[in-house]
Amino acid sequence: MTVQPRIDPHTHTFLRGDEDLSAMRSSGVCAAVVCAFLPVTPSASSSLLDLFTWLDTVERERLVKHDIEPIIALGIHPRCIPPVEDVEPVLDRVRELIDRKRVGAIGEIGLETGSNAEKGVLLRQLELARELQLLAIVHTPRANKSDRLSETLELIDRAGIASSKIILDHLTPELVAALDSDGRDFWMGLTVQSGKTRPEEIAALIQSRGSVHRLLVSSDVSHQPSDPCAVAWTAQRLEALGVDPTVIDRLTSFNAMEALQMTRRSIPRTREPPRRAAPPRSIHRRRGRRASRPAAGARPRRPSPLGPRL
Ligand SMILES: [Zn+2]
């Protein structure tokens, strides 16, 4: 049986064992973004510098061994900010690895409590992403998500970074709808995990929105309860719920490729998804519902280098 390739745009695979990487690959995930994160507060910059070395060497090689294309994202997560005097040495190391083309994105960054320290570190990293023209993967917390998102949007404006260079992650369907009417064109991440988003909610969102434009699905797999196969499992569940397979492919593969500026050639040839002759006429295959217009206030669609936007 052919397994459709998927991309997981937000993981912490280094906190899981080899058996989970095997399961992830067997489920159909052919590329994964590995985001920096420590489950403790670093006592010094050296903790994060060692973490970056771990991700850039051991974890990169481990994913390759499991036939998963690694995309390493480095940055300071709001729950692991080092002492203030140690922030710049950490960002210097990120810059150095970016210069050596070892880093595919800045992440995971964002706000957790919304403290001034968090805001300062986030702003500095958004400015770095703008300067280096790199994608920034921006976390939103479980608590006070809407307030933290509003504060994050203010910092994005201050940093002057293009919305196309931002993934706003761990969003709820309600926040996706709010961002649709905001007028800016961010990438918007939905995390399938207990206590976050369920595939049924994603199916309902697709139906009400009439599009998967700028939407991404990730596992955020870590040491916390999470499923390394969540992206592939979501694809299966959406198909069972009647969502058109071409729409699912864009949601779980092509949108991430576009956000990360991956070419099809960067995916192993045998993993290349089958080409489809034409875009689907409906989002929901069984219900025969026509692809509806974008939500009110959404930006007009531009041609995508990866084919029709669904
Ligand atoms: Zn994460």
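Above: the structure in question.
What you are looking at is a predicted structure, and each value in this text was computed from that prediction instead of being measured. Residue positions within a chain follow its written sequence, with the count starting from 1. Owing to the predicted nature of the model, reporting of local features is limited to residues with pLDDT of at least 70; listing and counting of side-chain atom pairs is limited to 80 or more, with chain, interface and lining totals taken over all residues.

Colleague: A description of the packing of helix H2 (residues 45-65) against helix H3 (residues 87-99) should follow, citing residues and the corresponding values.
Modeller: Their axes nearest at 9 Å, the elements H2 and H3 cross at an angle of 20°. By the criterion of interaxial angle, the relationship of H2 to H3 is roughly parallel. Both H2 and H3 take part in a crossing whose hand is right-handed. Residue-level inspection shows Ser 45, Leu 48, Leu 49, Phe 52 and Asp 56 of H2 in contact with H3, the latter providing Pro 89, Val 90, Arg 93 and Leu 97. Side-chain classes follow a simple rule in which Ala, Val, Leu, Ile, Met, Phe, Trp, Tyr, Cys and Pro form the nonpolar group, Asp, Glu, Lys and Arg form the charged group, and the remainder, Gly included, forms the polar group. Considered class by class, the residues forming the contact of H2 with H3 number six nonpolar, one polar and two charged. Think of each axis as a best-fit line through the C-alpha atoms, taken over the contacting stretch in the case of a helix, with angles from 0 to 180 degrees between the N-to-C directions. Elements are defined by DSSP. Helices are runs of H or I of four residues or more, strands are runs of E of two residues or more, and each kind is numbered from the N terminus. Geometric relationships in this document are graded by angle, where less than 35 degrees denotes roughly parallel, more than 145 denotes roughly antiparallel, 65 to 115 denotes roughly perpendicular, and other angles denote oblique. Crossings are assigned a handedness: left-handed for a near helix turned anticlockwise from the far helix by less than a right angle, right-handed for a clockwise turn. Note on contacts: each residue gets a C-beta atom placed from the backbone, and two residues are in contact if those atoms are within 7 Å.

Colleague: Just give me the short version of the environment of Ile 72, but keep the residues and values in it.
Modeller: Within the fold, Ile 72 resides in strand S3 (residues 69-74). For the exposure call, what matters is how many other C-beta atoms sit within 10 Å of a residue's own: 20 or more marks it buried, 12 or fewer exposed, and in between partly exposed, using C-beta atoms placed from the backbone. Residue Ile 72 is classed as buried on the basis of its C-beta count, with 21 C-beta atoms lying within 10 Å. For the pair Ile 72 and Glu 59, spaced 13 residues apart in the sequence, the C-alpha separation amounts to 9.0 Å.

Colleague: I'd love a proper account of the nonpolar core, names of residues and values included.
Modeller: In this usage, the nonpolar core is the set of buried Ala, Val, Leu, Ile, Met, Phe, Trp, Tyr and Cys residues whose C-beta atoms join them within 7 Å. Core analysis: the largest hydrophobic core is formed by 80 residues, its most contacted members being Ala 73, Ala 105, Ile 106 and Ala 136. Those residues in contact with Ala 105 that sit more than four places away from it in its chain are Val 33, Ile 71, Ala 73, Leu 134, Leu 135, Ala 136, Ile 137 and Leu 260.

Colleague: I'd like a description of helix H5 (residues 145-159), backed by residues and values.
Modeller: To estimate the expected span of a helix, subtract one from its residue number and multiply by 1.5 Å. Between the first and last C-alpha of H5 there are 21 Å, a value that for 15 residues agrees with the 21 Å anticipated at 1.5 Å per step. Considering only its buried residues, H5 is in contact with strand S4 (105-110), helix H4 (116-132), strand S5 (136-139), strand S6 (166-168) and helix H6 (173-180). Positioned one or two residues after H5, Gly 160 has a phi angle of 70°, which is positive.

Colleague: Can you tell me about the sheet that holds S3, naming the residues and giving the values?
Modeller: Spatial strand order, S1-S2-S3-S4-S5-S6-S7-S8: eight strands in an open sheet with parallel pairing. Two strands bound the open sheet, and with one partner strand each, they are strand S1 (6-11) and strand S8 (215-218). Each strand axis lies, on average, 25° off the axis of its neighbour in the sheet, ignoring direction. Against the sheet, H2 engages strand S2 (29-35) and S3, with an angle of about 165° to S3. Only strands joined by at least two bridges in the DSSP assignment are considered to pair.

Colleague: Outline the pairing of S5, listing residues and values.
Modeller: Where burial is concerned, the two faces of S5 agree: the one with Ala 136 and Val 138 and the one with Ile 137 and His 139 are both buried. Of the pairings in the sheet, the one linking S4 to S5 comprises three bridges and is parallel in character. Within the sheet, the bridge partner assigned to Ile 109 lies in S5 and is Val 138. Looking down the strands as they point away from you, a crossover is right-handed if its path from the first strand over the helix to the second goes clockwise. Crossover handedness for the path S4 to H4 to S5: right-handed. Relative to S6, S5 runs parallel, the two sharing three bridges. Residue pairing in the sheet places Val 138 in a bridge with Leu 168 of S6. The β-α-β motif built from S5, the intervening H5 and the parallel element S6 has right-handed crossover chirality.

Colleague: Give me the lowdown on the packing of helix H8 (residues 230-240) against helix H9 (residues 245-259), citing residues and values where you can.
Modeller: In the contact formed by H8 and H9, the axes pass within 10 Å of each other and the chain directions differ by 160°. For the element pair H8 / H9, the angle class is roughly antiparallel. The handedness of the crossing between H8 and H9 comes out as right-handed. When H8 is examined against H9, the residues Val 231, Thr 234, Ala 235, Leu 238 and Glu 239 are found in contact with a partner set consisting of Pro 245, Ile 248 and Thr 252. For the contact of H8 with H9, the residue count by class is five nonpolar, two polar and one charged.

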